[in-house]
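The residues making up each chain are set out below.
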Amino acid sequence: MSADKRRRADSEGGYRRFRKEMQALGVPVSRETEAALQAMVTTLERWQRAINLISRATVDDIWTRHILDSAQLIPLISGEARSLTDLGSGAGFPGLVLAAFLPDFDITLVESDARKGAYLAEAARQMGVTGNLRVVIGRIEEVQPAKADIVTARALAPLGQLLALADRHRSDPAICLFHKGKGWRSELTEAHKDWEIEAQPFPSVTDRDAVLLRLAAYRAKDLRDR
């Protein structure tokens, strides 16, 4: 099998797994959502030739490693939420993927790299999700607070740092959804030193060692409590 045929086979296999896992999660994938995600993948593959958006090793498995990994957050989003801010959006995971599933949400993607910000804007345009979506280029701790109902981040920073970064961008109350790898327990233990946290771990469908951390109310501990 040629390299091109192998890549196509890998991509098609990843897409089939994406559809299967979304069905298992009880999340419908409409034609409009599927078309938006296909447009995102096409745009990412084109821009990947110029700037490093994702690891080269994961390009052929994008539907599982990135699209499914992001979309599995959908069941954890409360029905009352209407706005979402994705911190350190990078290649659009999970923010752009969630935008394809949540057309009625006000979504903000925060990214410090101007080149990636340009990609995000173009991908959103190609996906047809620009109506309620904005790309903010700047440092998370310096841009205008978003005050969102949902705050997301993937592969951005240790949990303690994430809580500090997300704090000014969340409404009261808000839900934070963070992808975490196999070291999530030690990160949670370390974060408890400085923060009062209500955290629920949910198993990831893409990595047996990873979890999705869902955090409701949290606040910084008083100095005397640390």
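Now for a description of the structure that goes with this document. Fair warning: this is a prediction, and the values are worked out from it, not measured in the lab. Counting from 1, residues in each chain are numbered in the order their sequence is written. Totals for whole chains, interfaces and linings use every residue, but because this is a predicted model, local features are given only for residues with pLDDT of at least 70 and side-chain atom pairs only at 80 or more, for both listing and counting. Calculated side-chain values reflect all of the structure's heavy atoms, with hydrogen atoms and water omitted.

1. What to know about the packing of helix 2 (residues 31-48) against helix 3 (residues 62-71)
Working step 1: Interhelical geometry of helix 2 versus helix 3 gives an angle of 120° and a closest axis separation of 12 Å. Compared by their axis directions, helix 2 and helix 3 come out oblique. Seen along the crossing, helix 2 lies across helix 3 with a hand that is right-handed. Facing helix 2, whose interface residues are Leu-37, Gln-38, Met-40, Val-41 and Leu-44, helix 3 presents Ile-62, Trp-63 and Ile-67.
Working step 2: Throughout this entry, Asp, Glu, Lys and Arg are counted as charged residues, while Ala, Val, Leu, Ile, Met, Phe, Trp, Tyr, Cys and Pro are counted as nonpolar. The remaining residues, Gly among them, count as polar. Its residues placed into classes, the contact of helix 2 with helix 3 shows seven nonpolar, one polar and no charged. As a rule, the C-alpha atoms of each element are fitted with a line to give its axis, helices using only the stretch in contact, and angles between N-to-C directions run from 0 to 180 degrees. Per the convention used, a helix needs a DSSP run of H or I reaching at least four residues, while a strand needs a run of E reaching at least two, with both numbered from the N terminus. Angles below 35 degrees are treated as roughly parallel, those above 145 as roughly antiparallel, those between 65 and 115 as roughly perpendicular, and all remaining angles as oblique. A clockwise turn of the near helix away from the far one marks a right-handed crossing, whereas an anticlockwise turn of less than a right angle marks a left-handed crossing. Contact between two residues is taken to exist if any of their heavy atoms lie within 4.5 Å; hydrogens are not considered.

2. Observations regarding unusual backbone geometry
Working step 1: Residue Pro-94 is reached from Phe-93 by a cis peptide bond, and omega for that bond is 5°.
Working step 2: At the junction of Asp-172 and Pro-173, the peptide bond is cis and its omega measures out at 0° in the coordinates.
Working step 3: Within the element layout of this structure, Pro-173 appears in strand 5 (residues 170-180).
Working step 4: A positive phi angle, close to 55°, is found at Lys-147, a residue other than glycine.
Working step 5: The topology assignment puts Lys-147 in the loop between strand 3 (133-137) and strand 4 (148-154).
Working step 6: A 1.4 Å probe rolled over the protein chains alone gives each residue an accessible area, and that area as a share of the maximum for its type sets the label: buried under 20%, exposed over 50%, partly exposed in between. You can call Lys-147 partly exposed: its relative accessible area is 49%.

3. Things to note about the sheet that holds strand 1 (residues 83-87)
Working step 1: Taken in spatial order, the seven strands of this open sheet run 3-2-1-4-5-7-6, and their pairing is mixed. Two strands in the sheet have a free side with no partner beyond their single neighbour: strand 3 and strand 6 (195-203). In this sheet, adjacent strand axes meet at a mean angle of 20° when their direction is disregarded.
Working step 2: Here helix 6 (residues 159-167) sits on the sheet in contact with strand 1, strand 4, strand 5, strand 6 and strand 7 (211-220), set at roughly 150° to strand 5.
Working step 3: Lying over the sheet, helix 7 (residues 184-191) contacts strand 5, strand 6 and strand 7, oriented at roughly 165° with respect to strand 6. When DSSP finds two or more bridges between a pair of strands, those strands are recorded as paired.

4. Focus on the nonpolar core
Working step 1: Remark: nonpolar core denotes a set of buried residues (Ala, Val, Leu, Ile, Met, Phe, Trp, Tyr, Cys) joined through side-chain atoms within 4.5 Å. Ranked by size, the top nonpolar core spans 48 residues in total, and within it Phe-18, Ile-67, Ile-77, Phe-93, Leu-96, Phe-101 and Tyr-119 carry the most contacts.
Working step 2: Broken down by secondary-structure element, the contributors of at least two residues to this core are helix 1 (3-24), helix 2, helix 3, helix 4 (95-101), strand 2 (106-111), helix 5 (114-127) and strand 5.
Working step 3: In terms of nonpolar packing, the next biggest core, distinct from the first, is built from 24 residues, Val-143, Ala-157, Ala-166 and Ala-191 among them.

5. Here's the deal with the pattern of salt bridges
Working step 1: The term salt bridge refers to a pairing of a side-chain nitrogen on Lys or Arg with a carboxyl oxygen on Asp or Glu at a separation within 4 Å. Within the structure shown, the criterion is met by eleven salt bridges.
Working step 2: A salt bridge links Arg-139 to Glu-141, with the shortest nitrogen-to-oxygen separation between them at 2.5 Å.
Working step 3: Given a relative accessible area of 45%, Arg-139 falls into the partly exposed group.
Working step 4: A relative accessible area of 37% means that Glu-141 is categorised as partly exposed.
Working step 5: A salt bridge links Arg-170 to Asp-167; the nearest nitrogen and oxygen atoms lie 2.9 Å apart.
Working step 6: Its relative accessible area of 33% is what places Asp-167 among the partly exposed residues.

6. Describing the pairing of strand 1
Working step 1: Of all five residues that make up strand 1, five are buried, and the element is covered over most of its length.
Working step 2: Residues of strand 1 alternate between two faces, with Ser-83, Thr-85 and Leu-87 on one and Leu-84 and Asp-86 on the opposite face, all of them buried.
Working step 3: For strand 1 and strand 2, the ladder comprises five bridges, and the chain directions are parallel. The partner of Thr-85 across the bridge, within strand 2, is Thr-108.
Working step 4: Since strand 1 and strand 2 lie parallel, the crossover through helix 4 that links them has a hand, and here it is right-handed.
Working step 5: Pairing geometry for strand 1 and strand 4, over four bridges, is parallel. Within strand 4, the position partnered with Leu-84 by the bridge is Ile-150. We call a crossover right-handed when, viewed with the strands running away from us, the connection from the first strand over the helix to the second turns clockwise.

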